[in-house]
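Structure assessment
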Amino acid sequence: MAEILLTAIINKSIEIAGNLLFQEGSRLNWLKEDINWLQREMRHIRSYIDDAKDKAIGGNSRVKNLIKDIQELAGDVEDLLDDFLPKIQQSNSAICRLKTACIPSHASFADEFAIEIKKIKKRVADIDRVRTTYNIMDTSNNNNDDCIPLDQRRLFLHADETEVIGLDDDFNVLQAKLLDHDLPYGVVSIVGMPGLGKTTLAKKLYRHVRDQFECSGLVYVSQQPRAGEILHDIAKQVGVTEQERRDNLEGNLRSLLKRKRYVILLDDIWDVEIWNYLKLFLPEYDSKMGSKIIITSRNSNVGRYIGGDFSIHVLQPLDSEYSFQLFSKKIFHFDNNNNWANASPDLVNIGTSIVKRCGGIPLAIVVTAGMLRARERTEHAWNRLLESMGHKIQDGCAKVLALSYNDLSIALRPCFLYFGLYPEDHEIRAFDLTNMWIAEKLIVVNSGNGQEAESLAEDVLSDLVSRNLIQVAKRTYDGRISSCRIHDLLHTLCVDLAKESNFFYTEHNAFGDPGNVARVRRITFYSDNNAMNKFFHSNPKPTKLRSLFCFTKEPCIFSQMAHLNFKLLQVLVVVISAGDSLSMRFPNTFEKTSCLRYLRLEGYISGKLPNCMVKLKHLETLDIGKSFFIKLPTGVWKSTQLRHLRSMGYNLAPYNYFCINPFFPNVYSLPRNNLQTLKWMDDFFFEPRLLHQLINLRKLGIKGVSDSTVKILSALSPVPTTLEVLKLSSFFSELREQINLSSYPNIVKLHLSGTIPLNVSESFPPNLVKLTLWNLMVDGHVVAVLKKLPKLRILKMYQCYHIEEKMDLSGDGDSFPQLEVLHIKYAHGLSEVSCRDDMSMPKLKKLFLLIDTTSGVRLSERLAKLRV
């Protein structure tokens, strides 16, 4: 795992070298040369590690020890860069002010850096000496092409199929596709996370349909495919003779398949390169001949590339009933009676708990049942397994799961491991993940542009989802990932790999080796406050800590911080469980967090953040949007790198004791091109220049909206071109001005709540995709305008006051042309909702109606079926 640290060093050295100001012949010029040397050397070492990892995985102890030495070196180098970065930036500022590089105080740190580089060069030379002295030379496992390791998956593909449990619906759907001669495509792509039974299902499909074709073949492709062997195997199975294979394998195979209707199973495809080769010899699979290709892959994008979106069939975990059925079959594998008749009720309950921990993954269920078959069928024996279950299952599934991890690029691996910092079954916001990756320089763009980095981070998250390592929980109005989850089995994999590589530790595995405790770079506490106290007691100077996650019921973390030095801390997340309202004070020692880039506080936390905590040059994300009683100081606007500010935004009046906003005038002192998110801000401080000055502002929320702000927004010219999301709330004053947002072409998401009057003909942006109306007055004219919005896909009306008792959603064939989701909840004064024609809302997928009466809902048959 040293490659993760090495990549971080390379990224940071590139950034430092790019931003370093120097003059020829000065000591800072030597500093730049040292940094460039560091970057080049780390690249070479990373290449060596990439070659050596196969031997380390294979159990070569000498290679493992060498990689451990490299990992410790890489950690120390990253500490060096992070420690010297503030000094380099301070030097840049001094040069800009004094227009000279000959500054003795800054030249001295360059000398210090040079001394440290000499030590690093000595350690690099010593590692190379060890490598040569102990003959750790050949790092490749692939030098001997004649040596092919035994592959259990290859044997499994040709073994007799086992009974498929819980996949009958999947089987029936896919079998119908394979036997349908009229379908225009010829590929079925079975995709999903590891361990779901993709190969088992594909084998059953293949063996049930192959007699319907003239020839057939099944081959295992694998992570490291041998194209020639695969082609030879296919040719042999479909009927190309031995002589024809010797004479012209490719030509004779293609010629035969052009004449015959075939079905071929390509199991476990990892990338598209092998497909681009094989498809040259698999003709007519999408023609009227009716030939079919079945593929299995962990990567949905691979299936999509080969067969298109329509070919994709995503396999899901088993439900609880089928999971227990599979478990029972494996437990009673050697019994004549496959039942629990002779088992005690307590044993059945323990078995149910064990199955639940497997999370519906057939591989985990089979592995667990196999372990239980080797034990006595007693409550004590089964309870012992249940207590230590996570890592025992992980050990049994490790090779299968590790294949997916090893297939990730070096850049993707730390991003995947980051999921383990959250508790199991936690719904994780994409906003949090992407901005934490950026804060820790796991995502870097050469331009240094924050928006480019966020776009790249979104691509990384989408890649992890397409590989079926991460599950999407929710999507945004425009289809992007809003939140996600990781399966418990893969969560355990993250935790184990992170500990092995010193990437992060949890409250359960941070102790043992005192040397490891002192080197911890990231740690997460899921629930155990005693473990947190113990950790900081054993590590009173956590100067190497980069990220600290705390999910707890008691904010004792803050009392700990008052006495600790977090000089390299970049990410701080504190989540207090809902329902635990605690008054606490923040310590005044946060000046020791000068590297902090991401701060998130959530829960019933009260108090005022000290200026020294937020007046940080590097702070990029400050998220207290779910912290109800936190006050912000004026120093937040000194954070010149600030890109996202999310707060509750209580008004000055009448809730003076919630007052967090007297600092808002200082928002206008921020750099023009950084801030992207600002919500909520107080209406009292809103001025037209805000939208002109913050040229990259994409999301804006204003609370306590006044007539003055409505006028400003309605008449603003020119309108901002970057603003995409606007939220306006006015609950405590009666407004007279009607809002007009028709001149804002780029606003795609609008949230209006309170007493904001709507300009019937011009209230809404023309390209609106999602609209939420909360507590507003709605009449028939407003509904008529909404029907005509050409791009509206999501409409939600909560607690609105309806002038008319009846709402007719019908139209002349153009009512809500793009609407997919409609929510009407707690509608005051509305007694009837009707839509009797099937022409209206042609794309509707989900309809939620909650009004005063159930008898007043009159819908067409199609729409009635969509109601939830």
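Everything that follows concerns the structure shown earlier in this document.
Note that the structure is a prediction, hence the values are computed from the model and not measured. (Residues numbered from 1 in each chain as written. Predicted model: local features only at pLDDT ≥ 70, side-chain atom pairs only at ≥ 80, totals over all residues. Heavy atoms only, no water.)

**A short note on the overall build of the protein chain**
Each helix and strand counted, the protein chain has 28 helices and 28 strands in total. Considering the protein chain as a whole, with its 868 residues, one finds that 53% of them fall into the buried category. Taking all contacts inside the protein chain whose residues are at least 6 apart in sequence as the whole, residues at least 24 apart take part in 64%. Accessible surface, the protein chain: about 38600 Å² in total, of which carbon and sulfur atoms supply 49%. (Helix = DSSP H or I, 4+ residues; strand = E, 2+ residues; numbered from the N terminus. Buried < 20%, exposed > 50% of the residue type's maximum accessible area, 1.4 Å probe, protein only. Contact = heavy atoms within 4.5 Å. Areas by Shrake-Rupley, 256 points an atom, 1.4 Å probe, with all protein chains shown as cover.)

**Comments concerning the environment of Cys550**
Of note, Cys550 is situated in strand 11 (residues 547–552). Of the residues examined, Cys550 reaches a relative accessible area of 0% and is grouped as buried. Expressed as a C-alpha distance, the spacing of Cys550 and Glu507, which sit 43 residues apart in the sequence, is 9.9 Å.

**Some remarks on the pattern of salt bridges**
Using the criterion set out here, one finds 36 salt bridges in the structure. Across the pair Arg123 and Asp76 runs a salt bridge whose closest N-O atoms are separated by 2.8 Å. Within this pair, whereas Arg123 is found in helix 4 (residues 104–133), its partner Asp76 is found in helix 3 (residues 61–98), the two being separated by 47 residues in sequence. With relative accessibility at 24%, the residue Asp76 sits in the partly exposed group. Ionic pairing is found between Glu78 and Arg521, a salt bridge with its closest N-O pair at 2.6 Å. Highlighted residues: Glu78 in helix 3 and Arg521 in the loop between helix 21 (514–519) and strand 10 (522–525), separated in sequence by 443 residues. Just as Glu78 is buried, Arg521 falls in that class too. (Salt bridge = Lys/Arg side-chain N within 4 Å of Asp/Glu carboxyl O.)

**Observations regarding the nonpolar core**
Among the nonpolar cores identified, the biggest contains 98 residues, and Leu622, Leu678, Leu700 and Phe764 are the most heavily contacted of them. Looking at which element gives the most residues to this core, the answer is helix 27 (residues 780–788), with four residues. Other than its neighbours up to four places away in sequence, Leu700 contacts Leu678, Lys679, Met681, Phe686, Leu690, Leu691, Leu723, Val725, Leu726 and Lys727. One finds Val209, Met436, Ile438 and Val495 within the second-largest nonpolar core, a separate group that totals 95 residues. (Core = buried A, V, L, I, M, F, W, Y, C linked by side-chain atoms within 4.5 Å.)

**Some details on the packing of helix 12 (residues 320–331) against helix 14 (residues 362–373)**
Following both chains from N to C, one finds helix 12 and helix 14 inclined at 35°, their axes separated by 9 Å at the closest point. Our pair here, helix 12 against helix 14, has a crossing hand that is right-handed. On helix 14, the residues touching Ser323, Leu326, Phe327, Lys330 and Ile331 of helix 12 are Pro362, Ile365, Val366, Ala369, Leu372 and Arg373. (Axes fitted to C-alpha atoms, helices over the stretch in contact; angles between N-to-C directions. Left-handed = near helix turned anticlockwise from the far one by under 90°.)

**So, the environment of Leu786**
Here Leu786 shows up in helix 27. For Leu786, a relative accessible area of 0% gives the class buried. In the structure, Leu786 is positioned 29 residues away from Ser815 in sequence and 8.5 Å away in space, judged by C-alpha atoms. Look past the residues within four positions of Leu786 in its chain and what remains in contact with it is Phe764, Leu771, Leu773, Leu792, Leu795 and Phe816.

**Section: the packing of aromatic side chains**
Scanning the entire structure with this criterion turns up 17 aromatic pairs. Relative to Phe504, the ring of Phe503 has its centre 6.2 Å away and its plane inclined at 65°; by these criteria the two rings are edge-to-face. Phe504 carries the same exposure label as Phe503, and that label is buried. One aromatic cluster is present, formed by Tyr418, Tyr422, Phe503, Phe504, Phe549 and Phe551 through successive ring pairs. Looking at Lys177, its charged tip hangs above the ring of Phe310, at a distance of 5.4 Å from the centre. Geometry around Phe503 places Arg522 over its ring, the cationic atom sitting 4.1 Å from the centre. (Phe/Tyr/Trp six-rings, centres within 6.5 Å; stacked < 30°, edge-to-face > 60°. Lys NZ or Arg CZ within 6 Å of the ring centre and 35° of its normal.)

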